[in-house]
Structure formats: structure tokens, C-alpha cells
Amino acid sequence: MCPATAGLNNAERLRTCARLADDSKNGENSKNSGIDLRASRSLYVRHCHALGLAALAEGDHATAYEHLRRVFTQDPHPAPVHHHASLHHVADVAAAAVRIGRTDDARAVLRAAEDALGTAPRSARLAAIMHRASALLSDPDAAEPHFRAALADPASARWPFEHALTQLDFGQFLRRRRRSAQARPLLTGALETFERLDARPWTERATAELRAAGVAVASSGAPVAVADLTPQELRIARLATQGLTNREIGARLLLSPRTVGFHLHKIFPKLGITGRAQLRDVLDR
């Protein structure tokens, strides 16, 4: 998912993706992570995907598409930047494109991926990714067979985050066509996976879809002010209440102390406080 995430679990990988996005926003370049993106197209593609995924987590779909689109060339007839790594991110390109009305461009990317794959056998993972992308970019009447194909092979569940994304997309598709009874099992499965992976932005989206499908989902009960925090900000705030320094928080979340401080200065006004000594009172309400 991200460069330099080998050996990390899914929740840690998501946090690493968020760190890369934070570093980009705050002007910290990839050299700070000891990664020379010029040396490897594969690392460059994974870096772009990490930034795109983090932007999706923040709900910034335009920025997400900008980053994700870079895994293919910007030519009128795009090609994969890396012959293998780029193909694994086609569905995420499609998902971001749908949100901002860039489906025609994303279809060109999908065609490029299909051309690159040709008629060679595909792994369960890659087949699921391509079917999810096709479902998202197809006309509604043609989407459902692709969604079903993306979930058909049990081997694709070995990539739980990607599998849950497909369940969420398909569940949303069915709910919007007033087929809520069929959507609920898919949305429930997606929610359970996102909760297990601590993928909070997607947990919130799956929860919202389940409620719209008529399922009563327990609320976190978070105060309104706390609910305004991003998942990253909430993690930082909770660690700060434990008395950890910016450097110690950064070590836990793979952030620089400077980035932690940047977040805290955004957190305080959101919560209506002036310093970290007041954090516990707000978060414990």
C-alpha cells in the first residue's frame, strides 16, 4: 500500500499513509523518510497511492484523484507508470474519479490497464480490482455483474481492506436502487472489516450507509466538538491526554514532532480550548 510499510499491519499502514500526506501538506519531502522516489517507479507509484488514500480519508476527493491519477502517465492514451504496481490502484482511481466527475479520464486509465494485462491469467486480487473499477465506471445497468465478479472469488478476501471497499461500493449501489435488504449484509461485512482495521473514515461511511439502509448502528456518542476532529487529530489528542510529548506522539504515529505540533494547533480551536492541559476535560465528556 505504501512504500516503507513492509511488515506493518493494516491499521499501521493506514497511519503511515496519513503521515505521508501530512508531510506533503507541511512541505516535508520524501527525503525525510529516507526514500528516494527517483530511484524506483514502484516506490513512486506506492507513494502516490499513499497520498491519494490519505486524501480520501480526509474526504478530499479532488486531491485524492490528483495523486492517484499519477500512477498512470498523463498522456491522452495513458500507460502504467510501473508495469505491475500501477495496476493494483486502478479501482481507487475510479472511486475518486466518480466523486469529482472525472469518469471519462478514469475510463481511459481502465482501458490502459486492460491493454497492459491483455489476455494473460489474472490473480484473484487483480481480477477483483479490475472488476471493481469496471463496476464503478460502468453504466448502472452494467455495473452489478462486475460487482458480483469482484466478490465472487474467496481468495480476494485475503486483501481485506480492498474486499471491504468493494462490499461498501456494492452495498451503496444496491441501497440507492431501493434494494436495502440485499445491501445490508454487504455493508455489515464492510463495517466489520473497517472496524477491525481501525480504518475510521471508512467505518464512518459504512455506518452512514447502514443507517440509510434501515439498520440501527450504535453511535460513538462523541461530543459535537470532538466529532469535528479528523481521525488523525483525534488520535493525536488522545495521546496528548496521556502526557506524551510531541516527539513521543510522533514516534507512535510515524509523524514528525513538527507535524504533531501543527495538528495540535488546529485541534485546540476546534475544541474551544487553548492548551493541551484542557484536552482531557473535553475528550472525557
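**Student:** Describe in detail empty space enclosed by the protein, supporting the description with residues and values.
**Tutor:** Evaluated as defined, the whole model comprises two cavities of 30 Å³ or more. Taken as a whole, the second largest cavity encloses approximately 120 Å³ of empty space. If you go around the second largest cavity, you meet 13 residues; those closest to its centre are Ala 128, Ile 129, Glu 162, His 163 and Thr 166.

**Student:** Quick rundown of the nonpolar core? Include the residues and the values.
**Tutor:** One broad rule of soluble globular proteins: the nonpolar side chains tend to lie buried together. Counting 55 residues, the largest nonpolar core has Phe 72, Phe 161, Phe 194 and Trp 202 as the members making the most contacts within it. Grouped together as the second largest cluster of nonpolar side chains are 19 residues, Ala 240, Ile 267, Phe 268 and Val 282 included.

**Student:** Before we move on, could you go through the packing of aromatic side chains and cite the residues and values that matter?
**Tutor:** One pair of aromatic rings is described through two measures. These are the centre distance and the angle between the planes. Overall, the coordinates contain five aromatic pairs when judged by the stated rule. Judged by centre distance (5.0 Å) and plane angle (15°), the rings of Phe 147 and Phe 170 are stacked. Residue Phe 147 is located in helix 7 (residues 140-152), and its partner Phe 170 is located in helix 8 (residues 160-176); the two are separated by 23 residues in the primary sequence. You'll find Phe 147 and Phe 170 in the same group, each marked buried. Ring plane angle 35° and centroid distance 6.3 Å describe the contact between Phe 170 and Phe 173, whose orientation is recorded as tilted. Pair noted here: Phe 170 and Phe 173 are both in helix 8, with a separation of three residues, about one helical turn. Of the two residues, Phe 170 and Phe 173, neither departs from the other in class, the shared state being buried.

**Student:** Would you mind going over helix 12 (residues 231-241) in detail, with residue names and values included?
**Tutor:** With 10 of 11 residues buried, helix 12 is to be regarded as a mostly interior element. Restricting attention to buried positions, one finds in helix 12 the residues Pro 231, Gln 232, Glu 233, Leu 234, Arg 235, Ile 236, Ala 237, Leu 239, Ala 240 and Thr 241. In the segment just after helix 12, Gly 243 is the residue with positive phi, at about 85°.

**Student:** So what's going on with the pattern of salt bridges? Which residues, and what values?
**Tutor:** In total, this model carries 15 salt bridges according to the counting rule given. A salt bridge links Glu 66 to Arg 70; its shortest N-O distance comes to 2.9 Å. A residue is classified by how much of its surface remains accessible, and Glu 66, at 44% relative accessible area, is partly exposed. With a shortest N-O distance of 2.6 Å, Arg 175 and Glu 209 are connected by a salt bridge. Remark: Glu 209 occurs in helix 10 (residues 200-212) and Arg 175 occurs in helix 8; sequence separation between them is 34 residues. Where salt bridges share partners, they join Asp 92, Arg 132, Asp 169 and Arg 205 into one cluster.

Procedures and definitions
Residues numbered from 1 in each chain as written. Predicted model: local features only at pLDDT ≥ 70, side-chain atom pairs only at ≥ 80, totals over all residues. Heavy atoms only, no water. 1 Å grid on protein atoms, 1.4 Å probe; cavity = no way out; pocket = protein on both sides within 12 Å on 5 of 7 lines; lining within 4 Å. Points joined across faces, edges and corners; volume = space filled by probe spheres on them. Core = buried A, V, L, I, M, F, W, Y, C linked by side-chain atoms within 4.5 Å. Buried < 20%, exposed > 50% of the residue type's maximum accessible area, 1.4 Å probe, protein only. Phe/Tyr/Trp six-rings, centres within 6.5 Å; stacked < 30°, edge-to-face > 60°. Helix = DSSP H or I, 4+ residues; strand = E, 2+ residues; numbered from the N terminus. Salt bridge = Lys/Arg side-chain N within 4 Å of Asp/Glu carboxyl O.

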